[in-house]
Amino acid sequence: MSKVATIEIDGKKYEFPVVEGTENEQGIDIKKLRAEAGVITLDRGYKNTGSCESAITFLNGEEGILRYRGYSIESLAEKADFLEVAYLLIFGELPTKTQLDKFYADIKEESAVDEEMKKILDGFPKSAHPMGVLSSLTSALIAFNPSSVNVDSEEEMYKAIVKILGKFPVLAAWTLRKKNSLPLNYGDDSLGYVENLHKMMFEKPGKSYKVDKEVIDALDKLLILHADHEQNCSTSTVRMVGSSHAGLFASISAGISALWGPLHGGANQAVIEMLERIKEDGGDTKKFMAKAKDKEDPFRLMGFGHRVYKNFDPRAKIIKKSADEVLGQLGVDDPVLDIAKGLEKEALEDQYFVDRKLYPNVDFYSGIIYRALGIPVEMFTVMFALGRLPGWIAQWREMRLMKEPIGRPRQIYTGANLREFKEVEKR
Ligand code: SDX
């Protein structure tokens, strides 16, 4: 006998089945709630509401656990490379060498971006934020790849997937090069996926490009750590847009816009700006801690807190360790790293943060590494998007293959009751 939940309303009891996941998470299946009880649930920010059943990523916020398709984030960050993890997230299994080689060959085959796309990029001022440019260019890709819109078969989905995996790094590199007034370039098929991305971003005309293994390894690890995170704001956006069958590129474009916000992926840029502000202000972290706790002050400790993690974000632990390693390897001495560590120590000992279980999240240290790798702060959230791309794709593909219904939440109306129209003379 499967477990049921009983809800009593106006003296009448209703039973609903409880679904249980493979990690013993339980959810009340309320698909018949409105039909049977005439009521809906209300849950601002969906803090207690599951939107789907998914086999891609498992996280336990209380214990600080994160796994992609059952593999711990720690083992993948240490032993896998980003393209392997992308394959794992999208198709559910770690690829054999043959599968991985074919996957990358298919991606390279589709990495050309139509020259006409450069005219769209030309229309942006250099001051445009890269996330707005990237979201626009991703959406514009549709016009040059119409076959990627109405995809119903797995084969058609696969073609759209390798197209976006091939073209997205080019768009991200062009976004940076536009800001740096550098000529727009194309990839180098002789390089690996992450090396190629880095070369497209940083190669200079007339100068030979030397692959720095330590830099590529650090970037590869950062992309893995950002690759998926179950039903976060931007992924839920990708699934919502995808549920109307608007196509993969349109769904990814919407996800980029959602990620841009400083409460979400935009936090990695906001963290560095916050740390720089503290440094400029003389490094008085206690003053900023007080501001973060002051309800009258809109200032928040960026990179701290999380909707799900009420323990250390496992990614933040790995990134913090990697920051020390990368800066050491590159001989970079970044004073904001010490400020970040001081802030973390104070927050972890402060009752306000302890009571609210606020810990450093993935965005707290990542910007320090991006900066050491020479990535400008306005591009930090683009780097997050490059990492999250396989996760968005995996979640979109799962949603489409499971034939999920179009997303359409309900509401509780609190506006005016019926009233008669009045001509303007009588108002
Ligand atoms: C990401 O969802 C994901 O998985 C996202 C992500 C992913 O990989 O996709 O992990 C990536 O988005 C990480 C989060 C990056 N954002 C930031 O670092 C911005 C700073 N953090 C906060 O804005 C906040 O913690 C959120 C948005 C991340 C979470 O907000 P919630 O879950 O809605 O929690 P809340 O705002 O209701 O906060 C609960 C309490 C409140 O105080 P009280 O009203 O109870 O007194 O904690 C306080 C908040 O004021 N609080 C903070 C704080 N975060 C929460 N106070 C000071 N500084 C903070 N950073």
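You'll find the structure just up there.
Anyway, here's the lowdown on the structure attached to this text. Bear in mind the structure is a predicted one, so any value in this text is a computation, not a measurement.

## With respect to the nonpolar core
- Core analysis: the biggest nonpolar cluster contains 114 residues, and Tyr68, Leu275, Leu301 and Ile375 have the highest contact counts within it.
- Per-element accounting of this core gives the leading share, 13 residues, to helix 7 (residues 154-179).
- Two domains each provide a minimum of three residues to this core, namely domain 2 (71-261 + 386-402) and domain 3 (266-373).

## Side note on the site of the ligand
- Residues in close proximity to the ligand total 25 residues, the closest being His229, His306, Arg307, Arg315 and Arg388.
- Leu301 is positioned with one of its backbone polar atoms (N or O) 2.9 Å from a nitrogen atom of the ligand.
- Considered on its own, the ligand offers 1,100 Å² of accessible surface; in the complex 77% of this is hidden by protein.
- For the shell around the ligand, the class distribution of residues is 10 nonpolar, 7 polar and 8 charged.
- Two domains each put at least three residues into the shell around the ligand: domain 2 (71-261 + 386-402) and domain 3 (266-373).

## Concerning the pattern of salt bridges
- Overall, the coordinates contain 27 salt bridges when judged by the stated rule.
- One salt bridge in this structure joins Arg400 and Asp152, with 3.0 Å as the shortest N-O distance. In this pair, Arg400 sits in helix 18 (residues 380-401) while Asp152 sits in the loop between helix 6 (130-144) and helix 7, placing the two residues 248 residues apart along the sequence.
- Classification of Arg400 by relative accessible area gives buried; the value is 7%.
- Note that Glu344 and Lys320 form a salt bridge whose closest N and O atoms lie 3.2 Å from each other. With a gap of 24 residues between them, Glu344 in helix 15 (residues 335-348) and Lys320 in helix 14 (residues 314-330) connect regions that are remote in the sequence.
- Each of Glu276, Lys279, Asp334 and Arg371 takes part in one network of salt bridges that share partners.

Thresholds, definitions, all that
Along each chain, residues carry numbers from 1 onward, in the same order as the chain's sequence is written. Side-chain atom pairs in this predicted model are given and counted only at pLDDT of 80 or more, local residue features only at pLDDT of at least 70, and totals for whole chains, interfaces and linings cover all residues. Side-chain calculation: all heavy atoms of the structure are included, whereas hydrogens and water are not. For our purposes a nonpolar core is just a set of buried Ala, Val, Leu, Ile, Met, Phe, Trp, Tyr and Cys residues, chained together by side-chain atoms within 4.5 Å. Only protein chains enter the accessibility calculation, which uses a 1.4 Å probe; a residue whose area is less than 20% of its type maximum is buried, one above 50% is exposed, and one in between is partly exposed. A helix here means a DSSP run of H or I that spans at least four residues, while a strand means a run of E at least two residues long, and both kinds are numbered starting from the N terminus. For every domain, the bounds stem from an assignment made automatically or drawn from a database. Proximity criterion: a residue is near a molecule or strand once any of its heavy atoms comes within 4 Å of it. Pairs of N or O atoms are called polar contacts if they sit within 3.5 Å, as long as, within protein, a hydrogen donor faces a hydrogen acceptor (for residues adjacent in sequence, only side-chain-to-side-chain pairs). With residues, only the protein chains shown are counted as cover, and all accessible areas are computed by Shrake-Rupley using a 1.4 Å probe. Classification used: nonpolar for Ala, Val, Leu, Ile, Met, Phe, Trp, Tyr, Cys and Pro, charged for Asp, Glu, Lys and Arg, polar for all others including Gly. The term salt bridge refers to a side-chain nitrogen of Lys or Arg lying within 4 Å of a carboxyl oxygen of Asp or Glu.

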